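Structural overview
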Amino acid sequence: MRYGLRRLEGLTAAEELAQEVFLVAWRRRSELPPRTLPWLYGVARRLLANHWRAQRAVPPPVELTEAVVLDRHDGVVRLVDVRAALSRLSDDDQEILRLVGWEQSSLSEAAQVLGCGAATAKVRLHRARRRLTEMLREHPEQTPSLDGQLGGAR
């Protein structure tokens, strides 16, 4: 559910994604690996990709007016800045950062979700963090520490 809530609009869409993921897991229960969470994330990722391709649309970036941003607490402003910068990154960069930072996946788990090796995931994470930092430098007075919000490599 958490995976879907962070990528979709609304609780209903996240519930539907979770249902589809577990339907796939049930159908393929004889193939489940010992560590199922990364496998489930991989299924969810592919289901979302198929859905977005079918809709021919990418989820719209979050846009807030200046008045809304000025009324918010500094921590919320930083989070909005991070999310806005994140939305401008490629889908691959967004996914590795979300897996490690939001889902608290280890590099090996993220690699399993992405269908690559741990070394490749580590390089992707490093490059994605660098690109996100560059995006955040556009607003240097509001740049948060990425270590606290995007998790460390495990």
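Provided above is the structure to which this section pertains.
Notes on the structure in this doc start here.

What counts, and at which threshold
- Residues numbered from 1 in each chain as written.
- Predicted model: local features only at pLDDT ≥ 70, side-chain atom pairs only at ≥ 80, totals over all residues.
- Heavy atoms only, no water.
- Phe/Tyr/Trp six-rings, centres within 6.5 Å; stacked < 30°, edge-to-face > 60°.
- Helix = DSSP H or I, 4+ residues; strand = E, 2+ residues; numbered from the N terminus.
- Buried < 20%, exposed > 50% of the residue type's maximum accessible area, 1.4 Å probe, protein only.
- Lys NZ or Arg CZ within 6 Å of the ring centre and 35° of its normal.
- Salt bridge = Lys/Arg side-chain N within 4 Å of Asp/Glu carboxyl O.

1. Describing the packing of aromatic side chains
On inspection of all chains with the given rule, the structure shows one aromatic pair. On the numbers, 5.0 Å between centres and 25° between planes, the contact of Tyr-3 with Tyr-41 is stacked. Of this pair, Tyr-3 sits in helix α1 (residues 2-5) while Tyr-41 sits in helix α3 (residues 36-55), and the two are 38 residues apart along the sequence. Relative accessible area serves as the criterion here: at 7%, Tyr-41 is assigned to the buried category. A cation over an aromatic ring shows up here: Arg-7 above the ring of Tyr-3, its NZ or CZ 3.6 Å from the ring centre. Against the face of Trp-26 rests Arg-29, its NZ or CZ located 4.0 Å from the ring centre.

2. Brief notes about the pattern of salt bridges
A side chain of one charge can pair with a side chain of the opposite charge when the charged atoms of the two come close. In total, this model carries nine salt bridges according to the counting rule given. Note that Glu-95 is salt-bridged to Arg-7, the shortest N-O span being 3.4 Å. Remark: Arg-7 occurs in the loop between α1 and α2 (11-27) and Glu-95 occurs in helix α6 (residues 91-102); sequence separation between them is 88 residues. When sorted by exposure, Glu-95 lands in the same class as Arg-7, which is buried. Of the charged contacts in the structure, one is a salt bridge between Glu-103 and Arg-7, with a shortest N-O distance of 3.0 Å. Taken together, the positions of Glu-103 in the loop between α6 and α7 (107-114) and Arg-7 in the loop between α1 and α2 put the pair 96 residues apart, joining distant regions of the chain. Accessibility assignment for this pair places Glu-103 and Arg-7 in one class, buried.

Read these as layout, nothing more, since geometry by itself doesn't imply function.
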